[in-house]
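Overview (structure and organization)
Chain by chain, the residues:
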Amino acid sequence: MSSLTLGIETSCDDTGVALLKGERTILSELLSSQIKDHARFGGVVPEFAARKHLENLLPLVDAALKESGVKGQDLDLIAVTCGPGLMGSLIVGVMAARALSQAWGVPLIGVNHLEGHLFAPLVDSDDLRPPFLSLIVSGGHTEIIRVDALGQYQLLGETRDDAAGEAYDKAARVLGLPYPGGPEIDRLAKEGNPHAFDFPVPFKNTKDVEFSFSGLKTALLWQVRKIGKEGKAIPLNDLCASFQRAVTEALLAKVALAVQLTGIRRVAASGGVAANSALRAALTESKESQQWKAWLPRISRCTDNAVMIAMAGRCAWERGIRSPADLSPDPSMEIA
Ligand code: KG4
Ligand code: ZN
């Protein structure tokens, strides 16, 4: 009989629970988003996020088991995100997973949240195999990882300051848009001219895989102030489209560089910003993209979810990776 893995994700502000049969059959996939709770504060409030996970997690685990007709004792593995992320949020997931593991007599494995994102494009595609390049673009990370085998990762480069998602969230704040900023900017950009403002494309022509988004956010801020001083209306759609174009061009340039440097022509993208329509189009339809084949997760699995954690945990377990029973969270855990 196929193995049953319970996945638990609580690294930031989404409580995710999933039940996986074998390596890729999803029996249950539940998510309790806290976006509405945090939106009124303009960003994630860590202490509040931890309390919400505490309220949401066990009812979600119960619901996932119930809808799959599975008992806790029938599980073969519990996979839980143990870092990187917010300490308070991680503790709730890891401690709950430890308690359930003890109570049900089921082994436990800790999963790196970034390895989880790296697995998201693998959830629905069985034709993506290493070696491939993984662009992880989330609220906390922007990096390109070389995947020579599952479990064998090399960091090719990352952001020097803000992550791409963080840049979208900060830009949204500058524009008076709600949190999280990415989806909102994506929506408004659809009606805007991406070339209306000539925002700088950071590190576009450097020969390293590196990103920087804080200057771009400042350029946006200056532009908004300038327009304000001139007494004109803020052209929201054009500003969003131009900002999004600059972020996308920066990401695309470094994917192209990584392909050129490694000779690897398979590119997978994941993380919240991989839901961005301009980035998805750039990775699959641009002139540059003719040099590679791209794999993108479905939109709902770009952002945090427990399916990717269950799958990464199951795969690590099969590779012989084991975690101690007293697994503890590591908020600054690295993937490579
Ligand atoms: O992966 P994720 O759920 O959480 C982290 O692990 O950080 O990513 C959340 C980030 C937020 O910064 C959000 O603004 C961004 O992903 N995001 C987007 C879009 N959807 C979510 N950014 C640009 N365009 C989108 N459509
Ligand atoms: Zn994430």
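Residues numbered from 1 in each chain as written. Chains lettered and ligands numbered in written order. Predicted model: local features only at pLDDT ≥ 70, side-chain atom pairs only at ≥ 80, totals over all residues. Heavy atoms only, no water.

Right, let's get into the coordination of the zinc ion (ligand 2). Around the zinc ion (ligand 2), the protein contributes the donor atoms H113 (NE2), H117 (NE2) and D304 (OD), at 2.0 to 2.1 Å from the metal centre. Given 4 donor atoms and angles of 95 to 136 degrees at the metal, the environment of the zinc ion (ligand 2) is assigned as irregular. (Donors = N, O, S within 2.8 Å, 3.2 Å for Na, K, Ca; no water. Tetrahedral: all angles 85-135°; square planar, octahedral: opposite > 155°, others 65-115°.)

Once that is clear, we can look at the pairing of strand β3 (residues 25-33). The sheet contact formed by strand β2 (residues 14-21) and β3 spans 8 bridges and is antiparallel. Within β3, the residue paired with T15 across the bridge is S32. Linking β2 back to β3 in an antiparallel pair, the connection comprises 3 residues, with G22 at a positive phi of about 65 degrees. (Pairing = 2+ DSSP bridges. Helix = DSSP H or I, 4+ residues; strand = E, 2+ residues; numbered from the N terminus.)

Here helix α2 (residues 46-68) contains 23 residues, and its C-alpha end-to-end distance of 32 Å stays within 8% of the 33 Å for a straight helix at 1.5 Å per residue. Along α2, the largest kink reaches about 30 degrees and is centred on N56; proline P59 follows within four residues of it. Taken together, the buried positions of α2 are F48, A49, A50, K52, H53, N56, L57, L60, V61, A64 and L65. Buried residues belonging to α2 abut β1 (4-9), β2, β3, α1 (35-39) and α3 (87-104). One or two positions beyond α2, positive phi appears at G69, with a value near 65 degrees. (Expected span 1.5 Å × (residues − 1). Bend = angle between axes of the 7 residues up to and from the residue. Buried < 20%, exposed > 50% of the residue type's maximum accessible area, 1.4 Å probe, protein only. Contact = heavy atoms within 4.5 Å.)

Here the focus is the site of ligand 1. Taken together, 21 residues are adjacent to ligand 1, and G139, D169, G182, D186 and N276 come closest. Between ligand 1 and the protein, one listed contact pairs an oxygen atom with a backbone N or O atom of G139 at 2.8 Å. Between an oxygen atom of ligand 1 and a side-chain N or O atom of D169, the distance comes to 2.7 Å. Coverage of ligand 1 by the protein amounts to 89% of the 550 Å² it exposes when considered alone. Breaking the shell around ligand 1 down by element, the ones donating at least two residues are α4 (113-124), α5 (164-174) and α6 (181-189). In terms of residues, the shell around ligand 1 owes the most to one element, α6, which gives 4 residues. A class-by-class count of the residues in the shell around ligand 1 yields 6 nonpolar, 12 polar and 3 charged. (Near = heavy atom within 4 Å. Polar contact = N/O pair within 3.5 Å; in protein donor to acceptor, adjacent residues only side chain to side chain. Areas by Shrake-Rupley, 256 points an atom, 1.4 Å probe, with all protein chains shown as cover. Nonpolar A, V, L, I, M, F, W, Y, C, P; charged D, E, K, R; others polar.)

What follows concerns the nonpolar core. Ranked by size, the top nonpolar core spans 49 residues in total, and within it L135, F213 and F243 carry the most contacts. Elements that contribute at least two residues to this core include exactly β6 (132-137), α5, α6, α7 (214-229), α8 (236-262), β9 (266-270) and α9 (277-285). In this structure F213 touches T142, T159, D161, D162, A163, A164, A167, P202, V247, A250 and L251, once residues within four positions along its chain are discounted. Grouped together as the second largest cluster of nonpolar side chains are 31 residues, I109, A120, L128 and A306 included. (Core = buried A, V, L, I, M, F, W, Y, C linked by side-chain atoms within 4.5 Å.)

Purely geometric numbers; function is a separate question.
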